[in-house]
Amino acid sequence: VKGTGVSPAPGFPVCFHVIAQLPNGMVFMDTVEKGGSPIDAKIGNRSIAPVGLEEGLTTMQVGGVRRIYCPGELSYTSIPSAAGAFQPPAFPGTPVIFDVQLLLVPGAEAEDEDFKFRF
């Protein structure tokens, strides 16, 4: 689903929901089910791991929903992320599938006050 808002650029904070799973279907992160608290992070300072997810977010617009497939080389690695960045229960270099909804980039607002996470 294509969004209607702005796209984030390096240095911009973002707020997004994510469901992350391994290729075998094991879900290891679900911000919708676990209290509905989205992730707040900043583009470009390694607070979003893996790099493939960050790259995917920069091509989205607020309100957009996308499945992002991160191959092993763009997935979680043995290189440490910024403090507090989530690391999954997977081996470095394992492909990961992310279902993402970009909720907010400062200066952008959802058109619908009842904006809900939807796939």
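Here the structure is shown first, and the text comes after it.
Residues numbered from 1 in each chain as written. Predicted model: local features only at pLDDT ≥ 70, side-chain atom pairs only at ≥ 80, totals over all residues. Heavy atoms only, no water.

Visitor: Would you mind going over the side chain of threonine 94 with me for this structure?
Guide: Locating threonine 94 in the fold gives a position in the loop between β4 (65-70) and β5 (96-104). Leave out the neighbours within four places in its chain, and threonine 94 touches Leu22, Pro23, Gly72 and Ser75. (Helix = DSSP H or I, 4+ residues; strand = E, 2+ residues; numbered from the N terminus. Contact = heavy atoms within 4.5 Å.)

Visitor: I'm lost on the pattern of salt bridges in this one. Help?
Guide: Two side chains carrying opposite charge are able to pair once their charged atoms lie near each other. For the structure on display, the rule yields 1 salt bridge. Across the salt bridge formed by arginine 67 and aspartate 99, the nearest N and O atoms sit 2.7 Å from each other. Taken together, the residues span a long stretch of sequence, with arginine 67 in strand β4 and aspartate 99 in strand β5 at a distance of 32 residues. Classification of arginine 67 as exposed rests on a relative accessible area of 54%. Under the relative-accessibility criterion, aspartate 99 is labelled buried at 10%. (Salt bridge = Lys/Arg side-chain N within 4 Å of Asp/Glu carboxyl O. Buried < 20%, exposed > 50% of the residue type's maximum accessible area, 1.4 Å probe, protein only.)

Visitor: Is there a simple way to think about the side chain of threonine 31 in this case?
Guide: Relative to the assigned elements, threonine 31 resides in the loop between β2 (27-30) and β3 (39-42). Taking the relative accessible area as the measure of exposure, threonine 31 reaches 9% and is therefore buried. There is a polar contact of 2.7 Å between the side chain of threonine 31 and the side chain of histidine 17. From its side chain, threonine 31 meets the backbone nitrogen of valine 18 in a polar contact 3.0 Å long. Apart from residues lying up to four places away in sequence, threonine 31 is in contact with His17, Val18, Gly36, Ser37, Pro38 and Ile39. (Polar contact = N/O pair within 3.5 Å; in protein donor to acceptor, adjacent residues only side chain to side chain.)

Visitor: What is the right way to read the nonpolar core from this model?
Guide: Within soluble globular proteins, side chains that are nonpolar tend to cluster in buried spots. Of all hydrophobic cores here, the largest spans 23 residues; its most connected members are Phe16, Ile48, Leu53, Leu57, Phe98, Val100 and Leu102. Contributing elements (two or more residues each) for this core: β1 (13-21), β2, α1 (51-58), β4 and β5. Aside from chain neighbours lying at most four places away, what touches leucine 102 is Val6, Pro8, Val14, Cys15, Phe16, Leu57, Met60, Gln61, Val62, Gly63 and Gly64. (Core = buried A, V, L, I, M, F, W, Y, C linked by side-chain atoms within 4.5 Å.)

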